[in-house]
Amino acid sequence: MSDAPRRGIDELLAVMARLRDPERGCPWDVQQDFASIAPYTIEEAYEVADAIDRGDFDDLREELGDLLLQVVFHAQMAAEQGRFDFDDVAQAINAKMIRRHPHVFGDAHYADLGAQKQAWEELKAAERAAKGGVHDASALAGVSHGLPEWKRATKLQQRAATVGFDWPDHRPVLDKLAEELDEVRAEFDAGADPARLEDEIGDVLFVAANLARHAGVDFSRALRHANAKFERRFRRMEQLAATAGGTLAGHDLAAQEALWQQVKREEG
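Let me sum up the structure you'll find in this document. (Residues numbered from 1 in each chain as written. Predicted model: local features only at pLDDT ≥ 70, side-chain atom pairs only at ≥ 80, totals over all residues. Heavy atoms only, no water.)

## Quick notes on the side chain of Asn210
Thought 1: Relative to the elements of secondary structure, Asn210 occurs in helix α10 (residues 194-215).
Thought 2: By relative accessible area, which is 9% here, Asn210 ends up buried.
Thought 3: Sequence-distant contacts of Asn210, that is, excluding residues within four places in its chain, are made with Gln157, Asp166, Trp167 and Val173. (Helix = DSSP H or I, 4+ residues; strand = E, 2+ residues; numbered from the N terminus. Buried < 20%, exposed > 50% of the residue type's maximum accessible area, 1.4 Å probe, protein only. Contact = heavy atoms within 4.5 Å.)

## Re the nonpolar core
Thought 1: Within the largest apolar cluster, eight residues are counted, these being Ile9, Met16, Ile37, Val72, Phe73, Ala75, Met77 and Phe86.
Thought 2: Listing elements by their share of this core, those giving two or more residues are α1 (3-19) and α4 (57-80).
Thought 3: If one sorts the elements of this core by residue count, α4 sits on top with four residues.
Thought 4: Counting seven residues, the second-largest nonpolar core is a separate cluster that includes Leu240, Ala241, Leu248 and Leu259. (Core = buried A, V, L, I, M, F, W, Y, C linked by side-chain atoms within 4.5 Å.)

## Structural notes on a nonpolar patch on the surface
Thought 1: On the surface, a nonpolar cluster with roughly 260 Å² of combined accessible area is contributed by Leu68, Val71, Phe84 and Val89.
Thought 2: Mapped onto the fold, Phe84 is located in the loop between α4 and α5 (86-100).
Thought 3: Judged by its relative accessible area of 37%, Phe84 falls in the partly exposed class. (Patch = residues over 30% accessible without salt bridge, like charges linked within 9 Å, V, L, I, M, F, W, Y side chains within 5 Å. Areas by Shrake-Rupley, 256 points an atom, 1.4 Å probe, with all protein chains shown as cover. Salt bridge = Lys/Arg side-chain N within 4 Å of Asp/Glu carboxyl O.)

## Considering the side chain of Glu63
Thought 1: Within the secondary structure layout, Glu63 lies in helix α4.
Thought 2: Buried and unpaired, Glu63 has Arg54 as its nearest opposite-charge partner, separated by 5.7 Å.
Thought 3: Those residues within four positions of Glu63 in sequence are excluded, and the remaining contacts are Glu44, Glu47, Val48 and Ala51. (Lys, Arg positive; Asp, Glu negative; His and termini not counted.)

## Observations concerning the layout of surface pockets
Thought 1: Within this model, the largest pocket holds a volume of roughly 510 Å³.
Thought 2: When residues of the lining of the largest pocket are traced back to their parent elements, those giving at least two are α7 (113-130), α8 (149-161) and α10.
Thought 3: For the lining of the largest pocket, the element with the highest residue contribution is α8, accounting for seven residues.
Thought 4: Broken down by class, the residue content of the lining of the largest pocket amounts to seven nonpolar, five polar and eight charged.
Thought 5: Put simply, the second largest pocket is a space of about 330 Å³. (1 Å grid on protein atoms, 1.4 Å probe; cavity = no way out; pocket = protein on both sides within 12 Å on 5 of 7 lines; lining within 4 Å. Points joined across faces, edges and corners; volume = space filled by probe spheres on them. Nonpolar A, V, L, I, M, F, W, Y, C, P; charged D, E, K, R; others polar.)

As structure tokens, then:
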């Protein structure tokens, strides 16, 4: 590492230490803890993904800085408690990457990407076993409960696939999705019991995540794109309504649907 990047990291660490200083720091930063900062860490990761989706590299540079700040914030709080510091974090990930890439930093060879992925999972399983504690031999061991649920669904499906429990391609997944939708429809017809609907709609979402996995589509990115598309079209509907001298709320549902279809035609 050249001196300039190291100085940048050192300065950031010094800034965070000052912000957390009980006497001279920022009252808000001083009162934070791991739990209170965790939501901001998640939010910053999503903002990084959003900048990438938009292809805005100036914004990406800034958002990556915000995400790095979150790492530094957690490391500073841990250092204050004598647990670990930023250098420990960096050294740990360096060691992990070297350990998990023996084909790059060692003399291992894999026949293809499938073999490499299998070896990766085996290395992770060995690491979990080396940590001790209650032994969990399940293929699903180690899938964090702290993940967003869509991500956890995909991880569980990927792990199950490592032992052969998986659909061969997308076609039976589509069939399963249709089956689960029929079950949701049946629950509505039976009186829409909230607990049963929650269960059946959960099944639909789980299968939808599986379909995205088989399609090679990132579930979160696809949903972000769908959200952006809806927002763009809805705002255009509001513009069209205003141009006509009214408001969208002043249109009945049929008129709003007509505007929606107009916007879709405009987009081609």
